[in-house]
Amino acid sequence: QVQLVESGGGLVQPGGSLRLSCAASGFTFSSYDMTWVRQAPGKGLEWVSDINSGGGTYYADSVKGRSTISRDNAKKTLYLQMNSLKPEDTALYYCARMGTWPTWDYWGQGTQVTVSS
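This write-up is about the structure you can find in this document. (Residues numbered from 1 in each chain as written. Predicted model: local features only at pLDDT ≥ 70, side-chain atom pairs only at ≥ 80, totals over all residues. Heavy atoms only, no water.)

Take the packing of aromatic side chains next. Taken as a whole and judged by the stated rule, the model has four aromatic pairs. When the centroid spacing of 6.0 Å and the interplanar angle of 80° are considered together, the rings of Tyr94 and Trp107 count as edge-to-face. Highlighted residues: Tyr94 in strand S9 (residues 91-98) and Trp107 in strand S10 (residues 104-107), separated in sequence by 13 residues. For Trp107, a relative accessible area of 33% translates into the label partly exposed. Seen from their ring centres, Trp104 and Trp107 are 5.6 Å apart, and the 75° between their planes marks the pair as edge-to-face. Through successive ring pairs, a cluster of aromatic residues spans Phe27, Phe29 and Tyr32. Over the ring of Phe29 we find Arg71; its NZ or CZ atom is 4.5 Å from the centre of that ring. A cation over a ring is seen here: Arg97 above Tyr32, with NZ or CZ 4.0 Å from the ring centre. (Phe/Tyr/Trp six-rings, centres within 6.5 Å; stacked < 30°, edge-to-face > 60°. Helix = DSSP H or I, 4+ residues; strand = E, 2+ residues; numbered from the N terminus. Buried < 20%, exposed > 50% of the residue type's maximum accessible area, 1.4 Å probe, protein only. Lys NZ or Arg CZ within 6 Å of the ring centre and 35° of its normal.)

Here it is as structure tokens:
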């Protein structure tokens, strides 16, 4: 069955960095567009970044220039490198598989990122 398992979150000071990972299994990872989405406390879901099957990348304005999405198809793993973190980046970060555009059909359980001094 399809599984997405995020890791790499944690508590970091403003200005710090984190690399989130999402290990995929149960499907042909290289064939799918993948997404990072986040949910801040008390707020709705916010799209963060996409990477398509060809390696093309897209970012929300809120993280553009500070974050890099990447994928390792051999390891079936999606990454999000986040730099210059701000308190407003505090959220639960999910990876998701793009199903029929523009909907996501599978989600991970999320990894918590907290940016605080």
